[in-house]
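Now for the letters of each chain:
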Amino acid sequence: MDLTRTEVAARRRGAAARFGLLAAPVAFFAVFFAYPVAAIVARGLKTDGTWHLARIGEVLAQSDVRHVLWFTTWQALVSTALTLLVALPGAYVFARFDFPGKQVLRAVVTVPFVLPTVVVGTAFLALVGRGGLLDELWGVRLDTTVWAILLAHVFFNYAVVVRTVGGLWAQLDPRQEEAARMLGASQLKAWRQVTLPALAPAVAAAALMVFLFTFTSFGVVQILGGPTFSTLEVEIYRQTSEIFDLSTAAVLTLIQFAAVGAILAVHAWTVRRRETALRLVDASVTARRPRGAGQWALLGGVLVTVAVLLVLPLAVLVQRSLDAPGFGYYRALTSEDGGVFLVPPIEAIGNSLSYAVAATLIAVLIGGLAAIALTRRDAGRFVRGFDALLMLPLGVSAVTVGFGFLISLDEPPLDLRSSWILVPLAQALVGVPFVVRTMLPVLRAVDVRLREAASVLGASPWRVWREVDLPLVRRALLIAAGFAFAVSLGEFGATVFIARPDRPTLPVAVARLLGRPGDFNYGQAMALSTILMVVCAVALLVLERLRTDRTGEF
Amino acid sequence: MLLALREATVRFGGRAVLDAVDLEVAQHEIVCVLGPSGSGKSTLLRAVAGLQPLDSGRVMLDGHDQAGLPAHRRGVGLMFQDHQLFPQRDVGGNVAFGLRMHGEPKRRQAERVQELLDLVGLPGARRRAVAALSGGEQQRVALARALAPSPRLLMLDEPLGQLDRSLRERLVVELKELFGRLGTTVLAVTHDQGEAFALADRVVVMRDGRIAQSGTPLEVWQRPADAFVARFLGFENVVEATVGTEAADTPWGKVPVPEDAPQGTRTLLVRPAGVRLVPADVGLRCTVAARTFRGTHVTVHLQPPDAPRLEAACALRDAPETGDEVGVEFDAAEIVVLA
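Conventions used here
- Residues numbered from 1 in each chain as written.
- Chains lettered and ligands numbered in written order.
- Predicted model: local features only at pLDDT ≥ 70, side-chain atom pairs only at ≥ 80, totals over all residues.
- Helix = DSSP H or I, 4+ residues; strand = E, 2+ residues; numbered from the N terminus.
- Buried ≥ 20, exposed ≤ 12 C-beta atoms within 10 Å, placed from the backbone.
- Contact = placed C-beta atoms within 7 Å.
- Axes fitted to C-alpha atoms, helices over the stretch in contact; angles between N-to-C directions.
- Parallel < 35°, antiparallel > 145°, perpendicular 65-115°, else oblique.
- Left-handed = near helix turned anticlockwise from the far one by under 90°.
- Nonpolar A, V, L, I, M, F, W, Y, C, P; charged D, E, K, R; others polar.
- Pairing = 2+ DSSP bridges.
- Core = buried A, V, L, I, M, F, W, Y, C linked by C-beta atoms within 7 Å.
- pLDDT = per-residue confidence, 0-100.

1. Examining the overall build of chain A
And then number 1: Scanning chain A for helices and strands turns up 24 helices and four strands.
And then number 2: For chain A, with 554 residues in total, the buried portion stands at 48%.
And then number 3: Summarising the internal contacts of chain A: among those between residues at least 6 apart in sequence, 82% fall at separations of at least 24.

What follows is the structure, given as structure tokens:
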């Protein structure tokens, strides 16, 4: 019976190792996510030690709040539908066609996704806003209409659909469709009966991600929405920082929390559906050159869409930033103006980069540990639940998190208010879901028996990880780090609260410049946005070179 | 005994995949575990390797209980069914892996890698990528990798399972020679009886997590322990019979039995060679239902009236056509009364 005891001990060691791996991520999320969010909700709804839950009903009864809710929902629905409409042909073209310059185009398409919302907002302002390209050419201005917001959302999320749906589409075995054809199905029927059902979960997952991103949209709406259009997130920001109505902000935060939780639950369900057995093949063997006028026209249409919708706004942004003679706007960034900024705006680049490096390190460490814990074969129900929880920061109001940091991390032992680490911590929170999502599929794909083979050859568990897992996930790790870096560079909602006035990040500096009147500030905002775009695009292009598998979600 | 299993039991959700298995392997012995898929043979290897904890019983290596000892400290080798070569390392890196884990110096590693690649017949392959290897080459690299740290026991999981037939037949001879030369102790599992008989000093037949029979290939082939083993070895003429002193009552009528056969209600095996074809008016009258060409002979499937089919082996030029009526007589020398 000694033996049974040792086996039990071995199993206990496994459980202890799992707990050890999860301890850091759990503690991180408890202290830097759950606690600040809970604190701000309590601040809003609790006075003199009693909860005022009736406040929820009162806030919901206000017509302007109901208006915000309604607008948030319908713009997210329309944005999602538009994105699918525009991007699904693109997904097909990327999955099934082979054409020169495909790799470059794939990178171009992905750039918008990692661009900071502030840059996207600015770019569309330059295209459709007052004095924008359309205004100059035809006197058309869209910045006061909902169209600017919708177009910016499509711009942003085009890559989500192309990557999620196209990635799977490229790996679907074309012989499945051929088998259906041999059994007498027409081309269209074969597609409807075989390909579409296989794609449906991926389309659903992509649609939900787009809905989530547009439902919680902040930077874009803040810049393009003007006084007329406001999403929940923008309204939370307004209530918190302009009207100082914390109880309304708290109720709105709870509403957003519930909505995001529901979206993520549905998302997790579709992901599970997608993981059901599909016959996947190497993506490189399924694509071929377009044949016939119809296919060439489709390819042409997709290229034109990409040019007009994705490339043009960025090109206009760059052009506008160069409007002043002799790089005037760029040079102006280096001078102290004493007004809104305590420092020359150009210093924001250094701030952003150093914050982003710190945030990336934190996100990779926390996300990596969580991913390893989630991959373990003995992961139980609790661990799987944690998987879904890790996604929450993607959708919970960044503004709430930022403000929550300010009011909750202000007393010992966690007095971080004046510490520089506060900004990277908040940014890492948003980066962690990306790290987990990128690493999890790769870690899960490592054959258990490969680990066993190493272990039988004499490798200890730690050695197994270093010799087998690490080389296989190194690439994914770098990609994850790149995403975390880009996310942290662009993070706006939380940073705007906690960045110290003398250490603004790039997006914060852009927003401040835009908030001031005059062409000169406007031009500087364009210039700073261009710099931010270039930094993000470079980070992404480095990633693109590293990336070989295209099944990831982002 | 190098390896001894004592009542080793593994349960997956209440079902015993290994059911109180006792097994011993002596030094330099080659033992093949033979059984259909799902009989627990892979689990047996994993339990010895330390990859699958036992629910009860014990695994002893050199007389030491291995309970609680993790896989990397057991000093046994395991060659996986689909090789599981490390994709990110070249051939040399794969073969050297175990040596590195055991802290061999670099120079010694290089020598040993070369030695093993020579041994498995791939002398120039050190720098090649494993993805570029053919199935047979991968199998050789996997073997070299498993042999490199000189494990005291080498275990093979369906070592030749994925290779085509001619390669398999050649490799099995090579393996047998190699293990004989090196004096390797081997525990292999396979579902292919030809492979097992060619490779093994001793064959262990498994069924539903239990050992059905153990013996030399010749013993197992000549005297299958029961109907299951006989059928698994490919014998079809297995029936219940009442055995008397000189003959047995079977659905096929009176069948002669060897003199020392045990009496009573028994299972009777008639080898195909023991089914002699005679003119239709003599012996048991049968219709030829089908014939299968086997290269050296023809297997004829015979349908007697109101009795199970019989399989007979006959020379190509004597084989009757499908639909012919023939008679059947039995040869006592090819009849086995199973225990």
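2. Looking at the overall build of chain B
And then number 1: Looking only at helices and strands, chain B has eight helices and 20 strands in total.
And then number 2: If one aligns the C-alpha atoms of chain B with their principal axes, the spans along those axes are about 80 × 45 × 35 Å.
And then number 3: When each of the 339 residues of chain B is scored for burial, the buried share is 40%.
And then number 4: For chain B, the share of sequence-separated contacts (at least 6 apart) that also reach a separation of at least 24 residues comes to 64%.

3. A short note on the packing of helix 3 (residues 63–96) of chain A against helix 9 (residues 187–215) of chain A
Residues and elements named next belong to chain A.
And then number 1: Across the interface, helix 3 lies against helix 9 with an axial gap of 9 Å and an inter-helix angle of 140 degrees. On the basis of the axis angle, helix 3 is oblique to helix 9. Along this stretch, helix 3 crosses helix 9, giving a crossing that reads as right-handed. For the pair helix 3 and helix 9, the contacting residues are Thr72, Gln75, Ala76, Ser79, Thr80, Thr83 and Leu84 in the first and Ala207, Val210, Phe211, Thr214 and Phe215 in the second.
And then number 2: Classifying every residue of the contact of helix 3 with helix 9 gives six nonpolar, six polar and no charged.

4. Some words on the sheet that holds strand 20 (residues 335–338) of chain B
Residues and elements named next belong to chain B.
And then number 1: Across the sheet, five strands lie side by side as 13-12-11-14-20; this open sheet has antiparallel pairing. Looking at the sheet topology across the chains shown, the edges are occupied by strand 13 (253–256) and strand 20. On average, each strand axis in the sheet is inclined to that of its neighbour by 45 degrees, with strand direction left out of account.
And then number 2: Relative to strand 12 (residues 247–250), strand 11 (residues 238–243) is paired through two bridges, and the arrangement is antiparallel. The partner of valine 243 across the bridge, within strand 12, is alanine 248.

5. What to know about the pairing of strand 16 (residues 284–293) of chain B
Residues and elements named next belong to chain B.
And then number 1: Bridge count between strand 16 and strand 19 (residues 325–330): four bridges; the pairing is antiparallel. Residue pairing for strand 19: cysteine 286 is matched across the bridge by valine 326.
And then number 2: Looking at chain direction, strand 16 and strand 17 (residues 298–303) are connected through six bridges and run antiparallel. Note that in strand 17 the partner of alanine 290 across the bridge is histidine 301.

6. What to know about the environment of valine 328 of chain B
Residues and elements named next belong to chain B.
And then number 1: Examined against the element boundaries, valine 328 turns out to sit in strand 19.
And then number 2: The buried category is assigned to valine 328, around which 22 C-beta atoms lie within 10 Å.
And then number 3: Distance in space between the C-alpha atoms of valine 328 and arginine 207 is 33 Å, their sequence separation being 121 residues.
And then number 4: Apart from the residues lying within four places of it in its own chain, the contact partners of valine 328 are Val275, Arg276, Leu277, Val278, Gly283, Leu284, Cys286, Leu302 and Leu310.

7. Considering the interface of chain B and chain A
And then number 1: Facing the 22 residues of chain B at the interface are 22 residues of chain A.
And then number 2: Every element with two or more residues in the side of chain B that touches chain A is listed here: strand 4 (56–61), strand 6 (76–79) and helix 2 (91–101) of chain B.
And then number 3: For the side of chain B that touches chain A, the residue count by class is 13 nonpolar, eight polar and one charged.

8. Considering the environment of glycine 92 of chain B
All names here are of chain B.
And then number 1: For glycine 92, the location among the structural elements is in helix 2.
And then number 2: Once the C-alpha coordinates of glycine 92 and alanine 144 are considered, the two residues, 52 residues apart in sequence, prove to be 9.8 Å apart.
And then number 3: Excluding its chain neighbours within four sequence positions, the residues that come into contact with glycine 92 are Val113, Arg126 and Arg127.

9. Some remarks on the nonpolar core
And then number 1: Among the nonpolar cores identified, the biggest contains 169 residues, and Met439, Ala480 and Ala484 of chain A are the most heavily contacted of them.
And then number 2: In contact with alanine 484 of chain A, other than residues within four places in its own chain, are Ala359, Thr360, Ala363, Val364, Gly431, Phe434 and Val435 of chain A.
And then number 3: Leu457 of chain A together with Ala49, Val204 and Trp252 of chain B belong to the second largest nonpolar core, which has 103 residues in total.

10. Some details on the sheet that holds strand 4 of chain B
All names here are of chain B.
And then number 1: With respect to topology, four strands assemble into an open sheet ordered 2-1-4-5, the strand pairing being antiparallel. The open sheet has two edge strands with one neighbour each: strand 2 (15–25) and strand 5 (64–65).
And then number 2: Of the pairings in the sheet, the one linking strand 1 (residues 3–12) to strand 2 comprises seven bridges and is antiparallel in character. Bridge pairing in strand 2 places arginine 11 opposite alanine 16.
And then number 3: Packed on one face of the sheet, helix 1 (residues 41–49) meets strand 1, strand 2 and strand 4 and runs near 65 degrees to strand 2.

11. Observations concerning unusual backbone geometry
Residues and elements named next belong to chain B.
And then number 1: Phi at histidine 28 is positive, roughly 65 degrees, even though this residue is not glycine.
And then number 2: If you trace the backbone, histidine 28 turns up in the loop between strand 2 and strand 3 (30–34).
And then number 3: Even without a glycine there, the phi angle at aspartate 62 is positive, about 55 degrees.
And then number 4: Relative to the assigned elements, aspartate 62 resides in the loop between strand 4 and strand 5.
And then number 5: Aspartate 62 sits in the partly exposed class, given 13 other C-beta atoms within 10 Å.

12. Looking at helix 20 (residues 448–456) of chain A
And then number 1: For helix 20 of chain A, every residue scored as buried is listed here: Arg451, Glu452, Ala453, Ala454, Ser455 and Val456 of chain A.
And then number 2: Tucked into the core, helix 20 of chain A has its buried residues touching helix 21 (461–490) of chain A together with helix 1, strand 6 and helix 2 of chain B.
And then number 3: Note on helix 20 of chain A: the residue one or two positions beyond its end, glycine 458 of chain A, has a positive phi of about 105 degrees.

13. Some thoughts on the confidence of the model for chain A
Residue and element names in this part refer to chain A.
And then number 1: Mean pLDDT for chain A: 77, with 85% of residues reaching 70 or above.
And then number 2: Least confident of the elements in chain A is helix 16 (residues 381–389), whose mean pLDDT is 66; most confident is helix 3, at 88.
And then number 3: The low-confidence segment residues 549–554 (pLDDT under 50) makes 17 contacts with residues lying over four places distant or belonging to another chain.

14. Description of the confidence of the model for chain B
And then number 1: Scored by pLDDT, chain B has a mean of 89; 100% of the residues are at 70 or more.
And then number 2: Overall fold confidence for the complex sits at a pTM of 0.71, while the interface term, ipTM, reaches 0.79.

15. A word on the environment of aspartate 323 of chain A
And then number 1: Here aspartate 323 of chain A shows up in the loop between helix 13 (292–321) and helix 14 (328–332).
And then number 2: Here the alpha-carbon distance between aspartate 323 of chain A and alanine 527 of chain A, two residues 204 residues apart in the chain, equals 9.6 Å.

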